Amino acid sequence: MDAIHINWTKPFRNRFNAPYEVEDFEILTTILSALKWREKNGNIKMVTDSVGAQYYKKTGLDVIWNSVENILDNVDVNSNVFWAAGKIFALKEQNAPVAMIDTDFIVWEKIDEEKLADVSVIHFENLYPDVYPPIDFFHMDNYEFDNDFDWNIKACNTAFCVIKNEKLLRYYTDKSIEFMRHTSEQNDRLSYMVFAEQRMLPMCAKKLNMSIMSFSDLNRLFKNGDNMFTHTWGMKQQMRDNAFLRADFCRRCIKRIIKDYPEMKNIIMNIENLKQYF
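Everything numeric in this text was worked out from a predicted model, so none of it was measured.

Can you walk me through the overall build of the protein in this structure?
On a plain count of helices and strands, the protein comes out with 10 helices and nine strands. Taken against the 2.2 N^0.38 rule, which gives 19 Å for 278 residues, the C-alpha radius of gyration of the protein at 19 Å falls within 12% of a compact globule. For the protein, the residues scored as buried account for 53% of the 278 residues in total. Across the protein, contacts joining residues at least 24 apart in sequence account for 82% of those joining residues at least 6 apart. A total of about 13,300 Å² of accessible surface is found on the protein, and carbon and sulfur atoms cover 47% of it. Of the charged side chains in the protein, 35 are positive and 40 negative, and the gap between their average positions amounts to 5 Å.

Any chance you could explain the sheet that holds strand β1 (residues 3-7) here in plain terms?
As a general point, the strands of a sheet are linked pairwise by backbone hydrogen bonds and lie either parallel or antiparallel. Across the sheet, seven strands lie side by side as β3-β2-β1-β4-β7-β6-β8; this open sheet has mixed pairing. In this open sheet, the two edge strands, each paired with only one partner strand, are β3 (67-70) and β8 (212-214). Neighbour to neighbour, the strand axes of the sheet diverge by 35 degrees on average, direction disregarded. Where β1 lies against strand β4 (residues 98-101), two bridges are found, and the strand directions are parallel. Residue pairing for β4: Ala3 is matched across the bridge by Ala99. Across the sheet, helix α4 (residues 85-92) lies against β1, β2 (44-48), β4 and β7 (155-163), angled at about 140 degrees from β1, the strand it touches most.

What should I look at first to understand the packing of aromatic side chains in this one?
To describe a pair of aromatic rings, you give the distance between the ring centres and the angle between the ring planes. For the coordinates displayed, the defined rule picks out 27 aromatic pairs. Pairing Phe12 with Phe16 gives two aromatic rings, centres 5.0 Å apart and planes at 45 degrees, and the pair type is tilted. Consider the rings of Phe179 and Tyr192, whose centres lie 6.2 Å apart with planes at 25 degrees: the pair is stacked. Remark: Tyr192 occurs in helix α6 (residues 191-207) and Phe179 occurs in helix α5 (residues 166-181); sequence separation between them is 13 residues.

I'm lost on the packing of α4 against α5 in this one. Help?
The interhelical angle for the contact between α4 and α5, taken along N-to-C directions, is 140 degrees, at an axis separation of 9 Å. As the angle between them shows, α4 and α5 are arranged oblique. The handedness of the crossing between α4 and α5 comes out as left-handed. Here Ala85, Ile88, Phe89, Leu91 and Lys92 of α4 lie close against α5, whose contacting residues are Leu169, Arg170, Tyr172, Thr173, Asp174, Ser176, Ile177, Met180 and Arg181. Grouping the amino acids of the contact of α4 with α5 by side-chain chemistry returns eight nonpolar, two polar and four charged.

How do you make sense of helix α3 (residues 50-59) when you look at a structure like this?
Along an α-helix, residues three or four positions apart point the same way, because every turn accommodates 3.6 residues. Looking only at α3, the buried set comprises Gly52, Tyr55, Tyr56 and Thr59. Take α3 and look down its axis: the buried residues cluster within an arc of 95 degrees, on one side only. In α3, the exposed residues that point more than 90 degrees away from the buried face are Gln54, Lys57 and Lys58. Looking at the buried positions of α3, the neighbouring elements they touch are β1, α2 (24-40), β2 and α10 (265-269). Where α3 ends, the next residue or the one after it, Gly60, has phi of about 85 degrees, a positive value.

Would you mind showing me how to read the environment of Leu32 here?
Residue position: Leu32 is located in helix α2. Beyond its immediate chain neighbours, meaning those up to four positions away, Leu32 contacts Trp37, Ile106, Trp108, Cys253, Arg256 and Ile257.

How should the pairing of β7 be read in this particular structure?
Consecutive side chains of a regular strand alternate in pointing toward one face of the sheet and then the other. Along β7, nine of the nine residues are buried, which leaves the element largely enclosed by surrounding structure. Taken together, the four bridges between β4 and β7 define a ladder with antiparallel strand orientation. Looking across to β7, one finds that Ala99 is bridged to Val162. Judged from the six bridges that link them, strand β6 (residues 119-125) and β7 form a sheet pairing that is antiparallel. For Glu125, the partnering residue across the bridge sits in β7 and is Ala155.

What counts and what doesn't
- Residues numbered from 1 in each chain as written.
- Predicted model: local features only at pLDDT ≥ 70, side-chain atom pairs only at ≥ 80, totals over all residues.
- Heavy atoms only, no water.
- Helix = DSSP H or I, 4+ residues; strand = E, 2+ residues; numbered from the N terminus.
- Rg over C-alpha atoms; globule rule 2.2 N^0.38 Å.
- Buried < 20%, exposed > 50% of the residue type's maximum accessible area, 1.4 Å probe, protein only.
- Contact = heavy atoms within 4.5 Å.
- Areas by Shrake-Rupley, 256 points an atom, 1.4 Å probe, with all protein chains shown as cover.
- Lys, Arg positive; Asp, Glu negative; His and termini not counted.
- Charge placed at Lys NZ, Arg CZ, Asp CG, Glu CD.
- Pairing = 2+ DSSP bridges.
- Axes fitted to C-alpha atoms, helices over the stretch in contact; angles between N-to-C directions.
- Phe/Tyr/Trp six-rings, centres within 6.5 Å; stacked < 30°, edge-to-face > 60°.
- Parallel < 35°, antiparallel > 145°, perpendicular 65-115°, else oblique.
- Left-handed = near helix turned anticlockwise from the far one by under 90°.
- Nonpolar A, V, L, I, M, F, W, Y, C, P; charged D, E, K, R; others polar.
- Arc of directions from axis to C-beta.

Structural data, given as structure tokens:
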């Protein structure tokens, strides 16, 4: 099964007055995520913009994917509010079936595509109102929500998501992009983005009478990832705050990468912010 990683660098560049780079722990999970998918499941490509493509070529990381696709330079939504919009625009250019995997998410074993629903997500999310508010919360311009959308259906975490149905892929990405283009919001970095990405997906699936399932649930994932998944989640902030935790995580990742993919050792050793771990 084909998969995609996505990196739209514009939100980073708009927030930080610094040359673009990826944090050390994120580089390492990206390597494991891409190479483990290729080993166990199939092809994977990076969908990014020109800055991202140049970064991966410069660091030598472009070899971890089957290809790097530079198509996100012209994403035309507010990157402050919709900081993950690149995922939807990248997904729109794919064909089903396709797996979308965050670069901080690792699938360690083979996925049985035959057992999947029209859309399969890593887990469902409860509709906590501070994250998933009601319809009257949203400030929109020349836009009406679909009357057939079910506002009571649980949201979906899309850190790992497989869409098998082409009709659903087209409908979801079109609806999400339409929503992002028609809001007047300028500052909210949570509710608008998770609506466009994680709440609209099950709404679209239900409207089209498509099947939906989850690979796991939060309790099992937090305990051991079902021995099949790793997602760094909030641990990333902990690593930013704790140098010991960060160094330990990076060294363990490097050890695993070199064990499984020894050809990556020289590439890792030549990446500036990873040299400290050798």
